[in-house]
Amino acid sequence: MISSKIRFPVIFVGIFVAAILAALYFATFGRMAKADPAESIQLYCDAFVRQDEEAQKKLTSYGAPTDAFNMKAAFANALQTAGANLSPEEAAEIGDAYMESLKNASIETSVSSQGEEQGEEHAMVEVTVTRFNMMGAREKATSLMRSRMKLNGTPEELRKTAVDATADAYRELQPMGMATFYVPVRYNEKTRIWDPADPVQFGFDLSKQTMGVE
C-alpha cells in the first residue's frame, strides 16, 4: 500500500494558467508595430502552452516579465495548492513531464470578427488547440504503478514508483482531436498589442480545452 494518496485534480490547471495570464495582462508591454489580433493571441498561446522560446522572446521584448513564463513552477505550486501530497522535487518531476507533452500541442488562431465600439477596437479570435486525453493519462499512470510495484518494497520505494509512473504517463499525453473556442480581444493603444478582454476567462478556456474538460 502507498502511505500517501496522490491526487491530480484537473481544475487547478485553469487556476494557474489564468493567474499567469492575469499577471501578464496587467504588466507593461513594450511598443511594437500594430499587431493582428490573431497574431497577438497566438503569441500568448505559444508562449504559455507550448513554451515556445521565440514567442517568449517576442513577448519579453514587448516588456512582459520573464518570470511569467515559468509554467513548471506554477504547475508544481498548483499541485500542492490543490492538495496533492508531493515534495517539491516530486512536483517538479511531474511538472517537467506535463510541460514536455504540451510542447507538442498544435495551436491555430484566426480573426472571426473585428470592429470598433465606443471608441475602442474589439475583435473575436478563434482558437483551435490540441485536446489531450487526461483521463487516459490517469488510467495509464495507474496501470504503470500496478505493473511496477514490488510487494516487498519500502514505503519510499513505493512512493517513488508512483511518482515516476505518473510522470511517465503525463510525459506521453495522447491527443484526442482538436477543440475550438473564441476569445474576445481589445486593442491596447499604448502597447499596440491585442489583449484578451478577460484574461482570466481566456486562461481558463485555454487550459480547459487543452485538457479535454467539458
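Residues numbered from 1 in each chain as written. Predicted model: local features only at pLDDT ≥ 70, side-chain atom pairs only at ≥ 80, totals over all residues. Heavy atoms only, no water.

Caption draft 1: Local environment of the confidence of the model for the chain. This prediction gives the chain a mean pLDDT of 79; 72% of its residues lie at or above 70. Within the chain, no element has a lower average pLDDT than helix H1 (residues 11–25), which sits at 52, and none a higher one than strand S2 (residues 120–132), at 93. Here residues 2–6 is modelled with pLDDT under 50, and outside its nearest four sequence neighbours on either side it reaches 10 contacts, counting other chains as well. Contacts of residues 26–31 to residues separated by more than four positions or lying in other chains number 20 contacts, the stretch itself having pLDDT below 50. (pLDDT = per-residue confidence, 0-100. Helix = DSSP H or I, 4+ residues; strand = E, 2+ residues; numbered from the N terminus. Contact = heavy atoms within 4.5 Å.)

Caption draft 2: Structural detail: the pattern of salt bridges. For the structure shown, the criterion picks out nine salt bridges. Where Glu172 meets Lys140, a salt bridge forms, and the shortest distance between an N and an O atom there is 2.5 Å. In this pair, Glu172 sits in the loop between helix H7 (155–171) and strand S3 (175–188) while Lys140 sits in helix H6 (residues 134–148), placing the two residues 32 residues apart along the sequence. Judged by its relative accessible area of 31%, Lys140 falls in the partly exposed class. (Salt bridge = Lys/Arg side-chain N within 4 Å of Asp/Glu carboxyl O. Buried < 20%, exposed > 50% of the residue type's maximum accessible area, 1.4 Å probe, protein only.)

Caption draft 3: Structural context of the environment of Gln201. Among the structural elements, Gln201 can be located in helix H8 (residues 199–210). Residue Gln201 is classed as partly exposed on the basis of its relative accessible area, which comes to 39%. Measuring from C-alpha to C-alpha, the distance between Gln201 and Val183 comes to 8.7 Å, with 18 residues separating the pair along the chain.

Caption draft 4: Expanded view of H7. End to end, H7 covers 24 Å across 17 residues, agreeing with the expected 24 Å (1.5 Å per residue, within 8%). Within H7, burial applies to Leu158, Arg159, Thr161, Ala162, Val163, Asp164, Ala165, Thr166, Ala167, Ala169 and Tyr170. Residues of H7 that are buried sit in contact with helix H5 (88–102) and H6. (Expected span 1.5 Å × (residues − 1).)

Caption draft 5: Just the pairing of S3, in detail. Here S2 runs beside S3; their pairing, made up of 10 bridges, is antiparallel. Pairing of Met124 across the sheet is with Pro184, part of S3. In terms of strand pairing, S3 meets strand S4 (residues 193–196) through four bridges, oriented antiparallel. Each residue of the ladder has a partner; that of Val185, found in S4, is Pro196. (Pairing = 2+ DSSP bridges.)

Caption draft 6: Summary view of the packing of aromatic side chains. Tallied over the entire structure, the rule returns five aromatic pairs. Relative to Phe202, the ring of Phe181 has its centre 6.5 Å away and its plane inclined at 35 degrees; by these criteria the two rings are tilted. In this pair, Phe181 is assigned in strand S3 and Phe202 in helix H8, connecting sequence segments 21 residues apart. This pair shows no difference in class: Phe181 is buried, exactly as Phe202 is. Centre to centre, the rings of Tyr187 and Trp194 are 5.2 Å apart; their planes meet at 50 degrees, and the pair counts as tilted. Among the residues examined, Tyr187 registers a relative accessible area of 9% and is labelled buried. Aromatic rings pair up to connect Tyr44, Phe48, Phe181 and Phe202 into one cluster. (Phe/Tyr/Trp six-rings, centres within 6.5 Å; stacked < 30°, edge-to-face > 60°.)

Caption draft 7: Inspection of the nonpolar core at higher detail. Core analysis: the biggest nonpolar cluster contains 34 residues, and Ile41, Tyr98, Val127 and Phe202 have the highest contact counts within it. Mapped by element, the contributors of at least two residues to this core are helix H2 (37–48), H5, S2, H6, H7, S3 and H8. The element that contributes the greatest number of residues to this core is H5, accounting for six residues. Beyond its immediate stretch of four places on either side in the chain, Ile41 contacts Thr109, Val125, Val127, Val183, Val185, Pro196 and Phe202. (Core = buried A, V, L, I, M, F, W, Y, C linked by side-chain atoms within 4.5 Å.)

Caption draft 8: Inspection of the sheet that holds S4 at higher detail. Ordered by their spatial adjacency, four strands build an open sheet running S1-S2-S3-S4, and the pairing between neighbours is antiparallel. Looking at strand neighbours, the two that pair on one side only are strand S1 (107–117) and S4, the edges of this open sheet. Recorded for the sheet is a direction-independent mean angle of 35 degrees between the axes of neighbouring strands. Lying over the sheet, H8 contacts S2, S3 and S4, oriented at roughly 25 degrees with respect to S2. (Axes fitted to C-alpha atoms, helices over the stretch in contact; angles between N-to-C directions.)

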